[in-house]
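What follows is the residue order along each chain.
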Amino acid sequence: MTIILLAIALLTQPHAQRMDRDALQAQRQGTVFGWVRAQGSLEPIPFASVEVVGRTANTDEHGYYVIAGVAAGPVTVRAAMIGYATTEVAVTVPEGGSARADLALPTAAVGLEAIVVSAGLGESEGVTAGPPPVRIDAATLEYVPALAEKDAFRAIQILPSIAAGSDFSSALYIRGGSPDQSVVLVDGAPVFNPYHLGGIFSAIDPDAIATIEVLPGGMPAAEADRASGVVKVWTPDGGRDRVRGHGAVGLVSSRLGIDGPLPGGRGSYLISGRGTYFDLTTKAAYELDLIETPFPYSFTDAHLKLAHDIGRTGRLSVAGYVNDERIHTPREVEPDSRTAWSWGTRAASATYRQPLGASIMADINLAATSFDGDFDVVELQDQLADTLFLGDITMRDVVGSASLTWYGARHRLTAGVQLDDHAFRFDFLLGVGQSEAGDPTGDDFGGEDLFSGLERDDDLTTFAAGRYAQAIQSLRDEESVLASVMPYELLVPAEPDVGFTTADDVVLGVEYGSPDTRLRVEGYVKRYPNLAIPPLAPDPVTVSGSTQSRSRSSC
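Residues numbered from 1 in each chain as written. Predicted model: local features only at pLDDT ≥ 70, side-chain atom pairs only at ≥ 80, totals over all residues. Heavy atoms only, no water.

Within the protein, the secondary structure is distributed over four helices and 32 strands. Burial status across the protein gives 43% buried among its 555 residues. Summed over all atoms, the accessible surface of the protein reaches about 28,500 Å², with 59% contributed by carbon and sulfur. (Helix = DSSP H or I, 4+ residues; strand = E, 2+ residues; numbered from the N terminus. Buried < 20%, exposed > 50% of the residue type's maximum accessible area, 1.4 Å probe, protein only. Areas by Shrake-Rupley, 256 points an atom, 1.4 Å probe, with all protein chains shown as cover.)

Pasting the structure below:
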């Protein structure tokens, strides 16, 4: 018996010693956290690279970073970003504690050596894939080819995994999913039909974009209430040092914006707007007999954002978004009838972020979105109005979420809860007759699987898998000829007897990096176990009726 106890003691002693060493090492380590901002304006710099004694991390979309597992003692924190000068700051990391290191990066031109390009006939070079479809910032939008003016969605369409239905449409088809299977978030608020001019342009002012992040697969549960992809658009904070203005006059529209500090210097504001003048210019040309028919179409969109610091580390941001479109035919064009179509989106969001210590971030987000449309065609006969067609569309979405994110030395874990409330109503009236067009209903639905990732400091290996469920679906027929031109969606809750559209997604990627080369290869398998194909929408020209529905869901 004594021999057995002695053997057990000898076997367990190395393990106990390792545990003691690990515990001692953890006590001698600390955490560095803080914000990276632009010098002067103090606007957050998203996705900047931060390095501490060989350990690196990127700031998030709000310019915040956390690096855990840093050896205690004096350290140098270095931040770098293209277009800014590399900046360093020295801090002392306490044992088992944390140190805050905020960095302000001055702008700086990027110096490049001369590049010699040569080519010869008959030579064939292999075509390599482009960069992974992750992010596009405001500076990149300036250099992406565009139709008449720069456009956020057309810039996204050049990325791998994303395609356009046609050259006329800015709708996004992400890894085979239809546009209604991807959600567009503007400052955390989901936006219905973010398009202008029949889908030719996106309805987001390019001057009001800080970054665009695309998640084509392996979506975390907090982002995945659709079956295919997520497009997150973040507007910039305004400058905190002085008032700035910006604007542009384009072929299609003109833009004007202003930003500056809030009273007290602890916050900022941003106001940006855009509008077109098709109706005014074509009407003037019509009056001058330059054209036979004016084009009675106009659109506007606007962004508002307020950001304010709460306490030493908290941050509250409130954002609003509006877009409107209208077609009102003048009497010169249709003397015996009137066409008055107007539609648009209203969205608002409020986000509060509060670090709880150095390694935990708390996020609370509230958002509400509405899309409303009125489509009226009235025929005049003997000075009396005879209704030809009336249409009314309402789509609503209210989202509330709260989450906690823990930053470890090599991992990050997020847990939270989200409540999503949808409401839809479609009314169509033709003449005096009415017929029911259907009454889809929806039920409560559960959440999605968790996202997981694995990475190393030098090379990178990523893996993600999940099952996603979509509680709403479009009435648009993807096989229709107009589907590739008109991307607008009429959304309804999933039919109970059909169930939710579900998608299984597995993604595996590897990335190799050297000082002058970066190579990334990613493969995915996507399967739709239950692809709900809704009944075709009623033809508003030949069928009249009304339908309304409401669903409540949580994940």
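Right, let's get into the pattern of salt bridges. In total, this model carries 20 salt bridges according to the counting rule given. Of the charged contacts in the structure, one is a salt bridge between Glu51 and Arg78, with a shortest N-O distance of 3.7 Å. Pair noted here: Glu51 is in strand E2 (residues 49-52) and Arg78 is in strand E5 (residues 73-80), with a separation of 27 residues, a long-range link. The salt bridge partner of Asp205 is Arg255, with a shortest N-O separation of 3.9 Å. Linking Asp205 in the loop between strand E15 (201-202) and strand E16 (211-215) with Arg255 in strand E19 (residues 253-261), this pair joins segments that are 50 residues apart in sequence. For the pair formed by Asp205 and Arg255, the shared burial category is buried. Put simply, Asp187, Asp237, Lys305 and Arg315 are held in one network by salt bridges that share partners. (Salt bridge = Lys/Arg side-chain N within 4 Å of Asp/Glu carboxyl O.)

A cluster of nonpolar side chains, Val243, Ile258, Ile271, Leu304, Leu306, Ile310, Leu316 and Val318, forms an exposed patch at the surface whose accessible area comes to about 590 Å². Sorting the residues of the nonpolar patch by element identifies strand E21 (297-310) and strand E22 (314-328) as the ones contributing at least two each. The element best represented in the nonpolar patch is E21, accounting for three residues. Note on placement: Ile258 falls in strand E19. (Patch = residues over 30% accessible without salt bridge, like charges linked within 9 Å, V, L, I, M, F, W, Y side chains within 5 Å.)

Moving on: the side chain of Asp237. For Asp237, the location among the structural elements is in the loop between strand E17 (229-234) and strand E18 (244-249). Residue classification places Asp237 among the buried positions, given a relative accessible area of 7%. A distance of 3.1 Å separates the side chain of Asp237 from the side chain of Lys305, its partner in a polar contact. A distance of 2.5 Å separates the side chain of Asp237 from the side chain of Arg315, its partner in a polar contact. (Polar contact = N/O pair within 3.5 Å; in protein donor to acceptor, adjacent residues only side chain to side chain.)

By the definition in use, this model includes seven aromatic pairs. Seen from their ring centres, Phe295 and Tyr297 are 5.8 Å apart, and the 40° between their planes marks the pair as tilted. Arranged with centres 6.2 Å apart and planes meeting at 55°, the rings of Tyr297 and Phe299 form a pair that is tilted. There is no split in this pair, since Tyr297 and Phe299 are both buried. An aromatic cluster is defined as three or more aromatic residues linked by ring pairs; in this entry it consists of Trp35, Tyr64 and Tyr407. Across from the ring centre of Tyr524, 4.1 Å away, lies the NZ or CZ of Arg175, which sits over that ring. (Phe/Tyr/Trp six-rings, centres within 6.5 Å; stacked < 30°, edge-to-face > 60°. Lys NZ or Arg CZ within 6 Å of the ring centre and 35° of its normal.)

Within the open sheet, the four strands sit side by side as E3-E2-E5-E6. Their pairing is antiparallel. Each having just a single partner strand, strand E3 (55-58) and strand E6 (87-93) make up the two edges of the open sheet. Geometrically, the sheet is characterised by an average inter-axis angle of 25° between neighbouring strands, direction not taken into account. When E2 meets E5, the two strands line up antiparallel, connected through four bridges. Opposite Val50, over in E5, you have Ala79 as the bridge partner. (Pairing = 2+ DSSP bridges. Axes fitted to C-alpha atoms, helices over the stretch in contact; angles between N-to-C directions.)

With that out of the way, let us pick up the sheet that holds strand E9 (residues 135-137). Spatially, E9-E16-E17-E12-E13 is the arrangement adopted by the five strands of the open sheet, whose pairing is mixed. In the strand order of this sheet, the two ends are held by E9 and strand E13 (189-190), each with one partner. Two strands pair when backbone bridges link them, and E16 and E17 are joined in this way by five bridges, in the antiparallel orientation. Paired with Thr211 across the strands is Trp234, a residue of E17.

Following the sequence through the fold, His303 ends up in strand E21. You can call His303 buried: its relative accessible area is 4%. His303 has contacts with Val186, Ile204, Asp205, Ala208, Thr235, Leu270, Ile271, Ser272, Gly320 and Tyr321, leaving out every residue within four places of it along the chain. (Contact = heavy atoms within 4.5 Å.)

Across the protein, the average pLDDT comes to 78, with 76% of residues at 70 or higher. The weakest mean pLDDT in the protein belongs to strand E32 (residues 545-554) at 38; the strongest belongs to strand E8 (residues 103-105) at 94. When the criterion is pLDDT under 50, residues 119-133 qualifies, and its contacts beyond four places in sequence or with other chains add up to eight contacts. (pLDDT = per-residue confidence, 0-100.)

As for its placement among the helices and strands, His62 is situated in the loop between E3 and strand E4 (64-71). If near-sequence neighbours (up to four positions away) are discounted, His62 is found in contact with Trp35, Pro44, Trp234, Arg315 and Arg353.

Tracing the backbone through its elements, the reader meets Ala80 in strand E5. Beyond its immediate sequence surroundings of up to four residues, Ala80 is in contact with Ala48, Ser49, Thr86 and Leu105.

Take the nonpolar core next. One finds Phe153, Ile156, Ile212, Val231, Met395 and Phe426 to be the most contacted residues of the largest nonpolar core, which totals 44 residues. In this structure, Val36, Val70, Val77 and Ala101 belong to the second largest nonpolar core, which totals 20 residues. (Core = buried A, V, L, I, M, F, W, Y, C linked by side-chain atoms within 4.5 Å.)

In this section: the pairing of E2. A regular strand places its side chains so that they alternate between the two faces of the sheet. What you see with E2 is a clean split: Val50 and Val52 sit on the buried side and Ser49 and Glu51 on the side with no burial. With four bridges connecting them, E2 and E3 associate as antiparallel partners. Its bridge partner lying in E3, Glu51 is registered against Thr56. Connecting E2 to the antiparallel partner E3 that follows it, the hairpin turn spans two residues, and Val53 within it adopts a positive phi of roughly 40°.

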